[in-house]
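# Structure at a glance
Spelled out from the first residue to the last, the chains are:
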Amino acid sequence: MGPTIDQYIDIVGKETITHLRELAAPLAGMKVVHVNSTRVGGGVAEILDRLVPLMQELGLDCSWEVISGKDDFYHCTKSMHNALQGNAVPIGKHYLDEFERTNVENAEQLRGALTDADVVFIHDPQPAPLLRQMPDRKGKWIWRCHIDVSKPYRPVWKYLRQFVVEYDASVFSLAGFAQQLPHQMYLIPPSIDPLSAKNRTLPQNEVDSVYDEFDLDRNRPIITQISRYDRFKDPIGVLEAYKLVKATMPELQLVLAGGGATDDPEGEAVLAEVRDAAGDDPDVHILLLPPDAHTKINALQRASSIVLQKSIKEGFGLTVTEGMWKSKPVIGGDTGGIRLQIFDHHTGFRVNTPEGAAMRIRYLLKNPNHIERIGDKAKEFVRNNFLLTRHLREYLSLMLALVRGDSERVEL
Ligand code: UDP
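Here goes a summary of the coordinates provided. (Residues numbered from 1 in each chain as written. Predicted model: local features only at pLDDT ≥ 70, side-chain atom pairs only at ≥ 80, totals over all residues. Heavy atoms only, no water.)

Looking now at the packing of helix H2 (residues 14-24) against helix H15 (residues 388-404). Running from amino to carboxyl end, H2 crosses H15 at an angle of 25°, the nearest separation of the two axes being 10 Å. Overall, the two elements H2 and H15 adopt an arrangement that is roughly parallel. Of the two elements, H2 crosses H15, and the hand of that crossing is left-handed. In this structure, H2 contributes Thr 16, Ile 17, His 19, Leu 20, Leu 23 and Ala 24 to the contact, and H15 contributes Thr 389, Leu 392, Arg 393, Leu 396, Ser 397 and Leu 400. A per-class count over the contact of H2 with H15 returns 7 nonpolar, 4 polar and 1 charged. (Axes fitted to C-alpha atoms, helices over the stretch in contact; angles between N-to-C directions. Helix = DSSP H or I, 4+ residues; strand = E, 2+ residues; numbered from the N terminus. Parallel < 35°, antiparallel > 145°, perpendicular 65-115°, else oblique. Left-handed = near helix turned anticlockwise from the far one by under 90°. Contact = heavy atoms within 4.5 Å. Nonpolar A, V, L, I, M, F, W, Y, C, P; charged D, E, K, R; others polar.)

Written out as structure tokens, the structure reads:
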């Protein structure tokens, strides 16, 4: 049983929670279904895990369904993900056929849940073709895109677009990602749950436990990146930045921690590359974590002096938000949703190269008072913009606008 909605009052104030209840009241009993392709691993699962119970508590009949497929399906959707984020990755017909076939099969399983739903949120490209299989659908269908589709590899976007145009609306995390589509588009950035195991305040002994568990020296600075092992997250760039700083600050320790997502088949290969690049430096800690390691990730982020997220493409970057909420200065790649969160010298630093990251790591470690100042600002920025309560408010407003056809909606 997770936290109840009233437990957020201490963090966001009573008025915010009252407002949520008011917005939800006209939607009471409405059947809302979220669909994605993994229950664990990655940001979408992280969000739905908490958003769905809170929608239920607010009176909506909300559920979460997960589609599944065989290896070729995940191979296809991972290539699609890479192509939509800009890599020129052609996808063979065999894989696209498997993509569509898997969606047809999943549609049969989910027909009962989806045809009579009032609102269906389809998250990301993997389940996008489901809608076509539901000619008798009753409700509004929303395509919720979490990835950076600002400069997609055109042939793959063109292919996916044929499914997306059939939706009633789509949601992107920021304006730069929105595409030409013939329906309403909404901008809703993601969020973190401040009361989840990943983000709640931890007693000091729980933070301290990671020093022993992962053989870290609590008296020397630690820099950490938490991410799936994915090339877009640039773990090799993080290692390069670390090595540049380590040359003059030998006390530095690096933690690269991540696990897989069930819908991401490339993780193992990337992890092997990272291990290879790290060599035998005892101060580099490459951790492979199980999917439920939320408290450990929380503690690792809190035990760090600086959090890194040196992505070269990033839909949003929940790990950035998570680090900021823990009052850490985050050094993030100058890309996608990281730009919504990090403002140089205020809430962190944005970088484009390992050299840039190294420069900012050195700067912060030499100026501990800036670590504190930036960390404090970062936390307040997240409180005001990227908590689950704001996200819920925007989803409720979106549903009201779509279901009731109100004219007042946020249009692009
Ligand atoms: N995460 C996790 N275990 C891992 C790696 C990541 O729990 O081994 C979590 C991380 O804390 C964050 C989410 O997965 O909440 C990743 O979201 P993000 O938006 O940063 O990236 P995505 O994986 O969705 O591209």
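Before going further, it helps to spend a moment on the sheet that holds strand E5 (residues 169-172). Strands sit in the order E2-E1-E3-E4-E5-E6 across an open sheet of 6 strands; the sheet is parallel. Sheet topology places strand E2 (61-66) and strand E6 (184-187) at the edges, where each strand pairs with a single neighbour. Direction aside, the axes of adjacent strands within the sheet are offset by 20° on average. Here helix H5 (residues 93-115) sits on the sheet in contact with strand E1 (31-36), E2, strand E3 (119-123) and strand E4 (140-144), set at roughly 160° to E1. (Pairing = 2+ DSSP bridges.)

On to the site of the ligand, then. Residues in contact with the ligand amount to 16 residues; listed here are only the nearest, Gly 43, Arg 228, Lys 233, Gly 259 and Glu 322. Taking Gly 43, its main chain carries an N or O atom lying 2.7 Å from an oxygen atom of the ligand. Isolated, the ligand exposes 550 Å² of accessible area, and the fraction of that covered by the protein chains is 89%. Top element by residues in the shell around the ligand is helix H11 (residues 318-325). It accounts for 3 residues. The residue inventory of the shell around the ligand, partitioned by class, reads 3 nonpolar, 7 polar and 6 charged. (Near = heavy atom within 4 Å. Polar contact = N/O pair within 3.5 Å; in protein donor to acceptor, adjacent residues only side chain to side chain. Areas by Shrake-Rupley, 256 points an atom, 1.4 Å probe, with all protein chains shown as cover.)

Attention now goes to helix H14 (residues 368-385). Across its 18 residues, H14 extends 26 Å between first and last C-alpha, which sits within 8% of the 26 Å expected from 1.5 Å per residue. Looking at H14, one finds that the buried residues are His 370, Ile 371, Ile 374, Gly 375, Ala 378 and Val 382. Seen from one end, H14 has its buried residues packed into an arc of 130°, which puts them on one side. In this structure, H14 carries Asn 369, Glu 372 and Asn 384 as exposed residues pointing more than 90 degrees from its buried face. Tucked into the core, H14 has its buried residues touching strand E10 (306-309), H11, strand E12 (348-351) and helix H13 (354-366). (Expected span 1.5 Å × (residues − 1). Buried < 20%, exposed > 50% of the residue type's maximum accessible area, 1.4 Å probe, protein only. Arc of directions from axis to C-beta.)

So, on to the environment of Val 238. Counting through the fold element by element, Val 238 comes out in helix H8 (residues 235-246). For Val 238, a relative accessible area of 1% gives the class buried. Through-space distance from the C-alpha of Val 238 to that of Phe 214 is 19 Å; in sequence the pair is 24 residues apart. Beyond its immediate stretch of four places on either side in the chain, Val 238 contacts Gln 225, Leu 254, Leu 256, Leu 308 and Lys 310.

Let us now look at the packing of aromatic side chains. The relation between two aromatic rings is expressed through the spacing of the ring centres and the mutual angle of the planes. The tally for this structure, following the rule as stated, stands at 13 aromatic pairs. When the centroid spacing of 4.8 Å and the interplanar angle of 45° are considered together, the rings of Phe 121 and Tyr 395 count as tilted. Residue Phe 121 is found in strand E3, and its partner Tyr 395 is found in helix H15; the two are separated by 274 residues along the sequence. Both residues of the pair, Phe 121 and Tyr 395, count as buried. Arg 350 extends its terminal NZ or CZ atom over the ring of Phe 343, reaching a point 5.4 Å from the ring centre. Sitting over the ring of Trp 325, Lys 379 keeps its end group 4.6 Å from the ring centre. (Phe/Tyr/Trp six-rings, centres within 6.5 Å; stacked < 30°, edge-to-face > 60°. Lys NZ or Arg CZ within 6 Å of the ring centre and 35° of its normal.)

Ranked by internal contacts, the top residues of the largest apolar core, which has 52 residues, are Leu 60, Leu 396, Leu 398 and Met 399. Contributions of two or more residues to this core are made by H2, helix H3 (43-57), E2, E3, E5, H11, H14 and H15. With residues up to four places along the chain from it excluded, the contact list for Leu 60 reads Ala 24, Leu 27, Gly 29, Met 30, Val 32, Met 55, Leu 396 and Met 399. Formed by 39 residues, the second largest nonpolar core is a distinct cluster that contains Ala 83, Ile 91, Ala 128 and Leu 181. (Core = buried A, V, L, I, M, F, W, Y, C linked by side-chain atoms within 4.5 Å.)

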